[in-house]
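Residue strings, one per chain:
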Amino acid sequence: MSGSDAVLDEPDADAGFMKAALAEARRTAGLGNVPVGAVIVVDDTIVARAGNLRDVLNDPTAHAELLALSEAGQRLGRWRLDDATMYVTLEPCAMCASAIQQARLKRVVYGALEEKTGAVEHGPRLLDDAPVETRHAIEHAPECAALMSAFFEQLREIRKREAKRGGVSELA
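The rules behind the values
- Residues numbered from 1 in each chain as written.
- Predicted model: local features only at pLDDT ≥ 70, side-chain atom pairs only at ≥ 80, totals over all residues.
- Heavy atoms only, no water.
- Helix = DSSP H or I, 4+ residues; strand = E, 2+ residues; numbered from the N terminus.
- Buried < 20%, exposed > 50% of the residue type's maximum accessible area, 1.4 Å probe, protein only.
- Areas by Shrake-Rupley, 256 points an atom, 1.4 Å probe, with all protein chains shown as cover.
- Phe/Tyr/Trp six-rings, centres within 6.5 Å; stacked < 30°, edge-to-face > 60°.
- Patch = residues over 30% accessible without salt bridge, like charges linked within 9 Å, V, L, I, M, F, W, Y side chains within 5 Å.
- Salt bridge = Lys/Arg side-chain N within 4 Å of Asp/Glu carboxyl O.
- Expected span 1.5 Å × (residues − 1).
- Contact = heavy atoms within 4.5 Å.

Draft legend 1. Region of the structure containing the overall build of the protein chain. Of the regular secondary structure elements, the protein chain holds six helices and five strands. Ordering the α and β elements of the protein chain from the N terminus gives α-α-β-β-α-α-β-α-β-β-α. Considering the protein chain as a whole, with its 172 residues, one finds that 47% of them fall into the buried category. Roughly 8700 Å² of accessible area belongs to the protein chain as shown, and the carbon and sulfur atoms make up 52% of that amount.

Draft legend 2. Inspection of the packing of aromatic side chains at higher detail. Enumeration over the complete set of coordinates arrives at two aromatic pairs. Between phenylalanine 17 and tyrosine 87, the ring centres sit 5.3 Å apart and the planes meet at 40°, which makes this aromatic pair tilted. Placement of phenylalanine 17 in helix α2 (residues 11-29) and of tyrosine 87 in strand β3 (residues 84-90) is noted, with a sequence separation of 70 residues between them. Since its relative accessible area comes to 0%, tyrosine 87 is described here as buried. When the ring of phenylalanine 151 is compared with that of phenylalanine 152, the centres are 5.2 Å apart and the planes differ by 85°; the resulting orientation is edge-to-face.

Draft legend 3. Molecular detail of a nonpolar patch on the surface. Side chains of Leu31, Val56 and Leu57 sit close together on the surface and give an oily, nonpolar patch of about 260 Å² of accessible area. Looking at the secondary structure, you find leucine 31 in the loop between α2 and β1 (37-42).

Draft legend 4. Spotlight on helix α4 (residues 64-76). An ideal rise of 1.5 Å per residue puts 18 Å on 13 residues; α4 measures up with 18 Å between its terminal C-alpha atoms. Among the residues of α4, Ala64, Glu65, Leu66, Ala68, Leu69, Ala72 and Gly73 are the ones counted as buried. Next to the buried residues of α4 lie β1, β2 (45-51), β3 and α5 (94-103). Of the residues one or two after α4, glycine 77 is the one with positive phi, at around 75°.

Treat this as a map of the structure, not an account of what it does.
Okay, structure coming up:
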């Protein structure tokens, strides 16, 4: 085990990196996207960060995890990220879990559980047979889940007002 592995396993390092992912989630929520943020860390340094941009880019693949993986690959000049840890605010979906597996990530730490589309603890559990250590960041789960809940509550309120006014969107 290298020195950086020991540092990354410390709860304080996990907490700091998860806070960086939460900052990405908040930033992307301000753009009207579902608030999911991800950062990728190598040797105790953030090498990539991204937020969900599906609605901004009109791209169903513009999930925070995929954008962060792409950025990390470009910055590091390689697609194999077997020395990297991803911190993401929401349990990855099947598409993202598959990409994580393909990138050979060493570790994934995620915040809120996603019972409908999650693919780590729920659904197909795609990382069970992969050499990826996964960890549900229980200490940050309430904060991650609250961010998601607040976003969707706001979205429901906007839709109610739109329905009353005839369908003009406030999120766009």
